[in-house]
Every structure is written in C-alpha cells, then in structure tokens.
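Below, each chain spelled out in residue letters.
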Amino acid sequence: MALVLSACGGSGSSCSAIADDAIDLFQEGIDGLDGLSLSELQNFDTDPFSDLEARGAELEERQIDAGCTDDEMTELVVDKMGNLTAGDSNPAGQFLISILTTALEDGEFDIGF
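Being a predicted model, the structure only gives us computed values, none of them experimental.

> Can you walk me through the state of the cysteines in this structure?
Here, the word disulfide means a covalent bond between the sulfur atoms of two cysteines. Within the structure shown, the criterion is met by 1 disulfide. The disulfide that involves Cys15 links it to Cys68, with 1.9 Å between the sulfurs. Taking the sign of the torsion about the S-S bond as the criterion, the disulfide between Cys15 and Cys68, at about -100°, is left-handed. Residue Cys15 is located in helix H1 (residues 15-31), and its partner Cys68 is located in the loop between helix H3 (51-66) and helix H4 (70-80); the two are separated by 53 residues in the primary sequence. Overall, Cys15 belongs to the buried group, its relative accessible area being 13%.

> What am I meant to see in the nonpolar core here?
Formed by 17 residues in total, the largest nonpolar core has its most connected members in Ile23, Phe26, Met73, Val77, Met81 and Leu84. Listing elements by their share of this core, those giving two or more residues are H1, H4 and helix H5 (91-105). With 7 residues, H1 is the largest single contributor of residues to this core.

Conventions used here
Residues numbered from 1 in each chain as written. Predicted model: local features only at pLDDT ≥ 70, side-chain atom pairs only at ≥ 80, totals over all residues. Heavy atoms only, no water. Disulfide = S-S within 2.5 Å. Helix = DSSP H or I, 4+ residues; strand = E, 2+ residues; numbered from the N terminus. Buried < 20%, exposed > 50% of the residue type's maximum accessible area, 1.4 Å probe, protein only. Core = buried A, V, L, I, M, F, W, Y, C linked by side-chain atoms within 4.5 Å.

Take a look at the structure:
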C-alpha cells in the first residue's frame, strides 16, 4: 500500500523537512475526519481529500530533488508519527493514527514518495 502525501509550498528541501510536511498533511487528513464515527467512515465521501494525490506528486518531486531514499523517508516519518493527534471527538482519526503507526513500524507500509 503506497501513500503519497505532500504539503503545497513545502517548508524546505531537506529530507526531514519533507517528512515534516508529510506529517502535516497526515494531520490535515486526520483533522478532516473529526466527528466521524468508525461506522460513518465506511461511507465517507473522499472527494474532499482528492487533492492529496496531486499534492503527493509534489512531495515525490521534492524527495527526488533532495536525494532522499524511500527507506530514509519511511524512517523519518515513523520517527515523527508521535506528533499526530486526534481528540476524543475523532475516533476515526485515532483509528487511522493507530493503523498508520503500526504499519509503518512493522515495515508493512510504503510511504511511496
């Protein structure tokens, strides 16, 4: 499973800055789930998040330009996963954080930048 994320305008060209922007975009997606129950997530309209793929292409370009490897990006993102938050009104976001964290830590998830 590949996840391609980016933050428009990015905060820098270092691998760490690119990972920071990926975490910011993860957080944006998590925040967009606020108020949804897990059952509502099954029927969630993903159209509001459709720009993530396009924004991911930008992140991939930044990664290539910076010479960051996929393994390096995965390691940096895993290190920064603890910065993600989802409040009590966001069980879908909490679930997503749990899944992402476990998959990244277990090496079962390809950031896909």
